[in-house]
Amino acid sequence: MKKVTQAHETSQMDLVAQVHKTSQMDLVFFFKRAISALIFRISLMADSRNKGAAFERAIVKRLNASFEARGVEIECKRNLDQYQSNNLCDIEIPGYAIECKAYKAGWWFAPAWWDQVCQSANGRTPILIWKFNNKGIRVTLPLHALNPALPRDVTKTAVLDLDQWLELLACHDFSVAA
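Rules behind the numbers
Residues numbered from 1 in each chain as written. Predicted model: local features only at pLDDT ≥ 70, side-chain atom pairs only at ≥ 80, totals over all residues. Heavy atoms only, no water. Helix = DSSP H or I, 4+ residues; strand = E, 2+ residues; numbered from the N terminus. Contact = heavy atoms within 4.5 Å. Polar contact = N/O pair within 3.5 Å; in protein donor to acceptor, adjacent residues only side chain to side chain. Phe/Tyr/Trp six-rings, centres within 6.5 Å; stacked < 30°, edge-to-face > 60°. Buried < 20%, exposed > 50% of the residue type's maximum accessible area, 1.4 Å probe, protein only.

**Q** Go over the environment of D153, please, and point to the residues and values.
**A** Topologically, D153 is positioned in the loop between helix 3 (143-146) and strand 5 (157-161). Separated by 11 residues in sequence, D153 and P142 have C-alpha atoms that sit 6.8 Å apart. When residues no more than four places from it in sequence are discounted, the contact partners of D153 are P142 and H144. At a separation of 2.5 Å, a polar atom in the side chain of D153 contacts the side chain of T155.

Given below as structure tokens:
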């Protein structure tokens, strides 16, 4: 009986050691997966920031090309201070505060995007330029930007494509806004 008990105790100790070893392996596996997931999320954040910056640069290029083609003596650039302070728009041109958004998937702009550009406008006309992958660039603007006779109400908006907005912008008298 003693041999059976001793064999039983040995197998229990082996089992405890094996469970302990398995638990350690599970913990290592768990932490490796958690770290990998965290690194992946950080890389996605970096990718989305790079994607947003690239979209802003592309919009600045389009705006500057449009101004130059129409003989408008304005050169816009990205507002790099936006990364260090809240309530700053991505691009500034006289009379306009522009926010740019580029996302992988979707069909319509998020109300929070519009709220963000309205908060950063500070008396200027808010403009939201947005796109999703494989879709055209759209511009959301208040109706009074289309017809100055309308009341200044940023809750009433229109959506144009980028070329339509650039045509509308060509009619703007920048000397008044400067």
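What follows picks up the thread again.
**Q** Could you give me a rundown of the packing of aromatic side chains, with the residues and numbers involved?
**A** One pass over the full model with this rule turns up 7 aromatic pairs. For the ring pair W108 and F109, a centre distance of 5.6 Å and an interplane angle of 35° mean the geometry is tilted. The exposure class of F109 is buried, given its relative accessible area of 13%. A ring pair is formed by F109 and W130, whose centres lie 5.7 Å apart and whose planes are at 55°; its orientation type is tilted. With F109 in the loop between strand 2 (96-103) and helix 2 (111-121) and W130 in strand 3 (residues 125-132), this residue pair connects regions lying 21 residues apart in the sequence. You can call W130 buried: its relative accessible area is 2%. Following the ring pairs from residue to residue traces out a cluster consisting of Y103, W108, F109, W113, W130 and F132.

**Q** Go over the side chain of T125, please, and point to the residues and values.
**A** Note on placement: T125 falls in strand 3. Residue T125 is classed as buried on the basis of its relative accessible area of 10%. Not counting chain neighbours up to four residues away, the residues in contact with T125 comprise G95, Y96, A97, P142, H144, A145 and R152.

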